[in-house]
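# Analysis of the macromolecular model
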Amino acid sequence: MDMKAPEKKLGIKEKYRLLTRDLAWQPTYRSEKEIYPYLDYEGIKIHDWDKWEDPFRLTMDAYWKYQGEKERKFYAIIDAHAQNNGHLNITDGRYLSALKIFLQAISPGEYAAHKGFARVGREFAGAGTQVACQMQALDEMRHAQTQIHALSNYNKYYSGFHAFAETRDRIWYTSVARSFFDDSMASGPFEFLIAIGFSFEYVLTNLLFVPFMSGAAYNGDMATVTFGFSAQSDEARHMTLGLECIKFMLEQDPDNLPIVQKWIDKWFWRGFRVLGLVSTMMDYMLPKRVMSWREAWEIYGVENGGALFKDLAFYGIRPPKGWEDAGKAIDHMSHQFMLGFYQWRFGTAFHSWIPSDQDMDWLSQKYPTTFDKYYRPRWDYIKRAEAEGKPFKNFGLAKLCQCCQLPCVFTEPDDASVLCHRQTTHKGEIYHFCSDGCQEIFEDEPEKYVQAWLPMPQLFQDPVNGDLAAWMDWAHLTDGLDNGEYQGSSDQRNFDRWRGLATSNT
Amino acid sequence: MQIDLRTVTIEPQRVAFDHLIRRFGNKPASRYQEGTYDIQAAENLHYRPTWAPDQELYDKGITRIVMRDWYDLKDPRQFFYNTYTLTRARQQDAVEANYKFIEGKGLAGMIAPDLREKALSVLVPLRHVAWGANQNHTFVCGYGYGAAFTQPSIYQALDNLGIAQYLSRIGLMLGGLDTLTQGKEAWIGDPAWQDLRRYVEDCLVTRDPFELFIAQNVALDGLLYPLVYGDMVDGAWASEGGSTIALATQFMSDWFDETRKWVDAVVKTAAAESAANKDVLTGWIASWGERAARALLPVARLGLGDQAEAVMDERRADLAARLAKTGIKL
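Keep in mind that what you see is a predicted model, and the values were worked out from it rather than measured.

## Section: the overall build of chain B
Each helix and strand in chain B was counted, giving 13 helices and 2 strands. When the backbone C-alpha atoms are referred to their principal axes, chain B occupies close to 70 × 55 × 40 Å. Put simply, chain B has 330 residues, and 51% of those count as buried. Across chain B, the fraction of contacts at a sequence separation of at least 24, relative to all contacts at a separation of at least 6, is 73%.

## Let's talk about the nonpolar core
Among the nonpolar cores identified, the biggest contains 233 residues, and A:Ile194, B:Ile214 and B:Leu296 are the most heavily contacted of them. Setting aside residues up to four positions removed in sequence, B:Ile214 forms contacts with B:Ala219, B:Leu281, B:Trp284, B:Ile285 and B:Trp288. Membership of the second largest hydrophobic core comes to 5 residues, among which are A:Leu363, A:Tyr367, A:Tyr375 and A:Trp379.

## A closer look at helix 8 (residues 191-204) of chain B
If you check helix 8 of chain B, its first and last C-alpha atoms are 20 Å apart, about what 14 residues at 1.5 Å a residue would give, namely 20 Å. Restricting attention to buried positions, one finds in helix 8 of chain B the residues B:Trp193, B:Leu196, B:Arg197, B:Tyr199, B:Val200, B:Cys203 and B:Leu204. Elements that come into contact with the buried residues of helix 8 of chain B comprise helix 2 (32-35) of chain A together with helix 5 (126-143), helix 7 (177-189), helix 9 (209-239) and helix 12 (275-304) of chain B.

## A short note on the confidence of the model for chain B
Predicted confidence across chain B gives a mean pLDDT of 96, with 97% of residues reaching 70 or more. Overall fold confidence (pTM) sits at 0.96, and the ipTM for the predicted complex is 0.97.

## Some words on the interface of chain B and chain A
Taken residue by residue, the interface counts 74 residues in chain B and 74 residues in chain A. The class makeup of the residues in the side of chain B that touches chain A is 36 nonpolar, 21 polar and 17 charged.

## Let's talk about the packing of helix 4 (residues 96-123) of chain A against helix 8 (residues 189-218) of chain A
All names here are of chain A. Their axes nearest at 12 Å, the elements helix 4 and helix 8 cross at an angle of 150°. Here helix 4 is positioned roughly antiparallel relative to helix 8, judged by the angle of their axes. Classified by chirality, the crossing of helix 8 by helix 4 is left-handed. In this structure, helix 4 contributes Ala 98, Ala 113, Gly 116, Val 120 and Glu 123 to the contact, and helix 8 contributes Pro 189, Phe 192, Leu 193, Ile 196 and Gly 215. Looking at side-chain class alone, the contact of helix 4 with helix 8 contains 7 nonpolar, 2 polar and 1 charged residues.

## Quick look at unusual backbone geometry
Residue and element names in this part refer to chain A. Between Asp 462 and the following residue, Pro 463, the backbone shows a cis peptide bond with an omega angle of 0°. Relative to the elements of secondary structure, Pro 463 occurs in the loop between helix 18 (455-458) and helix 19 (468-474). Positive phi, normally seen in glycine, also occurs at His 476, with a value near 60°. Inspection of the secondary structure assignment puts His 476 in the loop between helix 19 and helix 20 (490-503).

## A few points about the packing of helix 4 of chain A against helix 10 (residues 256-285) of chain A
Residues and elements named next belong to chain A. At their nearest, the axes of helix 4 and helix 10 sit 10 Å apart, and the two run at 165° to each other. The angle between the axes of helix 4 and helix 10 places the two elements in the roughly antiparallel class. Regarding helix 4 and helix 10, the two cross each other, and that crossing is left-handed. Facing Ser 97, Ala 98, Ile 101 and Ala 105 of helix 4, the residues of helix 10 in contact are Leu 277, Met 281 and Met 285. Among the residues forming the contact of helix 4 with helix 10, the class breakdown is 6 nonpolar, 1 polar and no charged.

## Some details on the pairing of strand 3 (residues 422-426) of chain A
The side chains of a regular strand alternate, first on one face of the sheet and then on the other. Residues and elements named next belong to chain A. Relative to strand 4 (residues 429-433), strand 3 runs antiparallel, the two sharing 5 bridges. By the bridge assignment for strand 4, His 426 is matched with Glu 429. Here strand 3 folds back onto strand 4 in antiparallel fashion, the turn holding 2 residues, of which Lys 427 has a positive phi close to 50°.

Conventions we followed
- Residues numbered from 1 in each chain as written.
- Chains lettered and ligands numbered in written order.
- Predicted model: local features only at pLDDT ≥ 70, side-chain atom pairs only at ≥ 80, totals over all residues.
- Helix = DSSP H or I, 4+ residues; strand = E, 2+ residues; numbered from the N terminus.
- Buried ≥ 20, exposed ≤ 12 C-beta atoms within 10 Å, placed from the backbone.
- Contact = placed C-beta atoms within 7 Å.
- Core = buried A, V, L, I, M, F, W, Y, C linked by C-beta atoms within 7 Å.
- Expected span 1.5 Å × (residues − 1).
- pLDDT = per-residue confidence, 0-100.
- Nonpolar A, V, L, I, M, F, W, Y, C, P; charged D, E, K, R; others polar.
- Axes fitted to C-alpha atoms, helices over the stretch in contact; angles between N-to-C directions.
- Parallel < 35°, antiparallel > 145°, perpendicular 65-115°, else oblique.
- Left-handed = near helix turned anticlockwise from the far one by under 90°.
- Pairing = 2+ DSSP bridges.

The following block contains the structure:
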């Protein structure tokens, strides 16, 4: 080979093609069916993987360089946060409940997403798609770890964090998020991508992350703000991937449309139910509030989501089926959730409390049509009971929805005075649901959802056998420490005392 | 840790998360430990995969290796995302500096044409081998059990994407666009590469994650990296005036030296777990190793000519000696 004149410079797009999809080849010793066994069974038809548009052209050297810089900053900040007792800068110890729920329910989901993206990063037949998914698999590992590391210092001082690895698998409310991620991973590769890449990352992430990180900033939690900001540029890539994958499926074959639509309907509703946890945090758990759940929904749900579905109408996609029911639930869900958490506070690894008069005034201002009418009277009743020395506790067990796993505490979309309850019989067994959305998801794939592990029935089985104390031991919930009312908790005592030491001369 | 604040002490209530205290005692945990141990859901998995209803979502049973505790397979490098990324970020700085040096000084043009052609005929098709490795490690990460074992596999997967990209850039730098095209044609059709391509495609249909780990990391890469980056690049080619190639492939030799420590630790721990494990591992290493050696021989001939047979024998002996230290006797 002679030394040639220098080649003309390759364009970025061509160079990226050479550095990714040109690495793959058409196998001849083994069939594509053997190498990619799971591509057919969901019914999605892909004719040309090369039509996949790489949403971000990131080579590994650039990835290491950029991510390395972000990592350096992140750990510098959380090290300083730990050294300087940054936990004493939060507005109030009540704020910690939001962090506890996050570590117990959401961080394990990051790990599940890591694992799921590794699987689809191998199972898809297009190199461009695979590389994008593999990088997301790597990013999701980052998110799981940065969250654990950021919250690790809180664990040293406060209750409720110490057993997150056990509560993830055993406590009742974490199974809402766990079943969501398990469901996505139990699905085929294309559905997984719609579930996590599109519904969760694209449609719902803003509703999770923006209020959460703003809430952290408002409440003086530098550690959480930092992992949020540090993850943001990763999320931007993930959202682009989610949108690209949905367009790719829709452009490949018209037969894909009804399948994709069904998944959008399903995963919107699944995600919306999980986000109920966020609504409670925003309306009740932030001592200094950013905005109400209703306001967040207006911006990130109605405006952003509305614009997105307007764009997707070009492909024949309509807004998710549960969209209207979701809209009707917005003014109720955080109150219904918090009342649930409060009455079952013996069984939560975080604290809850009766909102103060000031809090209730804020809620009635933010929810003028519902709070005073439906929820203030209940809090007033609970408050009276408390004052009379007969604190309101519900030691009965909630009926859980077979699909989303939340207690059936929601009301009918059009009548907030009637509890919403649906049921269906499958092979002689009765299954219960919190909503039409959840019932439809079950009825589409009953063989999947009959398998669901339900934490409440577990209470009556070995090794717990209906004994509440035994259940707490089994769930790694330390009675009197992790659970119950915030007022009088060790978190409250310690936070107030330490903060007093830090901010006054006592 | 105790922090004194205005002469008054704020006392930590505990030193670490419960699951880490159970494993390592009542002492502060490292970030590797926090980011690795028990972070995979272990109980009460909700649904079986619709894509393989005979499996669990996280299934210990899809490999023949049996571990009482999969978290025993720890990474001696203690890589978690941060330490992994920072290590590679530093290395890529060095690679960039090397490439700038090569291009700035016009070093590519100083390699004798015969040698350049020979080197590219070996290195460029290897970008496809690295892509195969990327696929296999991604599989091990996705389907292996427990983050101690699977976390390094996603790093290994993306390292191999990086290696494939570096090899492509070397092809472009020392040859040009045509070099990549020719390299791919050789990979697809040249008899010298067909046994190796068959090996890689057979790996792509192997769905026992631990077997795949062995086939890729031990049997194939355990021979390939010392052969290509040792005997060829640092040995024969350097003595023929091709030390520029060594400069361009520094990442690969450093990477192999680093990652083999992890690979050896995994093999050693799994083999020490039980006689049954040791038998399975020995069987896999023997059968995949035999095939890998056969597949690499024609590649060795491309790069080393007549010395190929002798060098391959040495590499196999070296690998056997390396494995003996992990408890595997071939």
